[in-house]
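Coordinate inspection notes
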Amino acid sequence: MSSSPSLPTTPESKEDADYNKISDEYNHLIETIPKTNGLRGELLYNYNGFWLDPMILKTNFLLHTYFKSQPTDIFLASVMKSGTTWLKALMFSTLNRHLYSFSDHYLRHHGPQSTFPLLDFESYPITDFTHFPAPRLFATHFPRTLLPPCMTSCKFVYLCREPKDVLISCWHFMSNYRSKDLPPLSLDEAVDIFCKGHSDYGPFWEHVLSYWRASLEYPDKILFLKYEEVKKEPEVVVRKLATFMGKPFTAEEVEKRVVENIVNLCSFQTLSNLEVNKEGVEKFGRLEVGVENRHYLRKGEIGDWKNYLSEEMKQRIDGITHERLKGSGLIFDASAIA
Ligand code: PAP
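It should be emphasised that the depicted structure is a prediction, and the values quoted were computed from it without experimental measurement.

**So, the site of the ligand**
If you check the shell around the ligand, you find 20 residues, and the closest are Lys81, Thr84, Thr85, Ser169 and Lys299. Interatomic distance of 2.9 Å between a backbone N/O atom of Gly83 and an oxygen atom of the ligand. Protein coverage of the free-state accessible area of the ligand, which is 640 Å², stands at 97%. Residue assignment for the shell around the ligand shows that the elements contributing at least two residues are helix H3 (84–95) and helix H12 (268–272). The greatest single-element share of the shell around the ligand, amounting to three residues, is contributed by H3.

**Section: the packing of aromatic side chains**
Within the structure shown, the criterion is met by 28 aromatic pairs. Ring centres of Trp212 and Phe224 lie 4.9 Å apart, and the angle between their planes is 70°; on these two criteria the pair is classed as edge-to-face. Residue Trp212 is located in helix H7 (residues 204–217), and its partner Phe224 is located in strand E7 (residues 222–226); the two are separated by twelve residues in the primary sequence. Both residues of the pair, Trp212 and Phe224, belong to the buried class. A connected cluster of aromatic rings, assembled from ring pairs, spans Phe67, Phe75, Phe129, Phe132, Phe138, Phe156, Tyr158, Tyr211, Trp212 and Phe224. Across the ring face of Phe249, the terminal group of Arg97 is positioned such that the distance to the ring centre comes to 4.1 Å.

Definitions and limits used
- Residues numbered from 1 in each chain as written.
- Predicted model: local features only at pLDDT ≥ 70, side-chain atom pairs only at ≥ 80, totals over all residues.
- Heavy atoms only, no water.
- Near = heavy atom within 4 Å.
- Polar contact = N/O pair within 3.5 Å; in protein donor to acceptor, adjacent residues only side chain to side chain.
- Areas by Shrake-Rupley, 256 points an atom, 1.4 Å probe, with all protein chains shown as cover.
- Helix = DSSP H or I, 4+ residues; strand = E, 2+ residues; numbered from the N terminus.
- Phe/Tyr/Trp six-rings, centres within 6.5 Å; stacked < 30°, edge-to-face > 60°.
- Buried < 20%, exposed > 50% of the residue type's maximum accessible area, 1.4 Å probe, protein only.
- Lys NZ or Arg CZ within 6 Å of the ring centre and 35° of its normal.

Below, the structure is given as structure tokens:
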């Protein structure tokens with residue numbers, strides 16, 4: 001007796017097979033790793049020591065497989081709410097200063113968010129960035145230890161900020177994107193979540209240390225910056241950025257006050273008054289819901305935590321900061337801490 005004919009199957013392409021394999025690995029992982037509620041009230045998953053939104057965790061898997069860095073790429077990495085928006089504006093306008101006039105600049109029409117992509121929101125198929133001119137700029141909030149290996153030989157600008165100000169900025173931001181079915185996030189809860197390290201991409205301290213230690217090992221590859229120093233000496237930082245990105249200012253540019261023009265263009269005052277930042281909404285990668293640009297420009301000050309945190313909350317956060325950073329050589333600006 002003849003055997004029954006086998007059913008016709010559609011051959012799986014190599015791309016489909018790779019993607020299905022990643023999805024299977026991801027689905028299996030998500031079932032097995034610890035989870036907790038983050039500041040938005042949604043589940044975060046602990047992947048290799050860091051708490052990530054599940055969609056962002058999947059993107060991390062995809063980047064490891066599909067993202068191909070180029071040796072000239074420059075990445076901006078940061079803990080959320082450290083001033084990424086500001087640094088995006090500064091890096092973009094410094095690197096591309098020959099392309100735009102300050103009075104009719106790209107930033108004035110499109111805002112900082114659209115200057116270069118945040119890789120963390122990419123989904124499959126990952127955008128092909130090969131048409132970007134070199135040096136390509138990208139942003140990410142992933143800690144150093146979760147980066148695809150191909151990225152780690154590239155240049156990084158890392159930006160961090162005093163943790164109590166990060167917490168207050170996160171608390172405000174996340175409250176805007178919390179499900180309406182949940183009660184508002186109290187500051188007590190926010191402090192507790194932050195201190196346990198359960199905020200997006202947390203723990204804050206391990207994130208900062210991942211880049212701090214690498215910056216000590218590879219000072220030519222990682223420019224480690226603090227929000228507070230950008231705030232206090234923006235012109236010094238812009239000069240550092242230009243040199244680091246391989247485009248130092250010429251004497252003629254200094255004479256023509258190009259550095260001051262960049263600082264003014266990217267100041268909180270200028271950016272927060274642009275129509276695109278008052279009314280605009282930015283969509284990241286293939287995210288369906290956008291984020292209102294005004295939420296990236298709330299107050300822009302050092303030490304705003306003093307308006308919110310009790311002495312007990314302050315001491316709890318300072319205690320953890322002291323303990324975790326002890327011996328690392330990394331300290332946060334005393335005027336932001338006191
Ligand atoms: P993200 O992590 O979502 O990208 P990010 O841009 O890193 O946010 O941080 C936003 C913070 O940077 C806000 O801080 P605040 O809540 O304490 O006000 C925002 O105001 C601040 N910020 C953005 N642009 C500037 C700027 N040009 N000058 C100073 N601070 C700025």
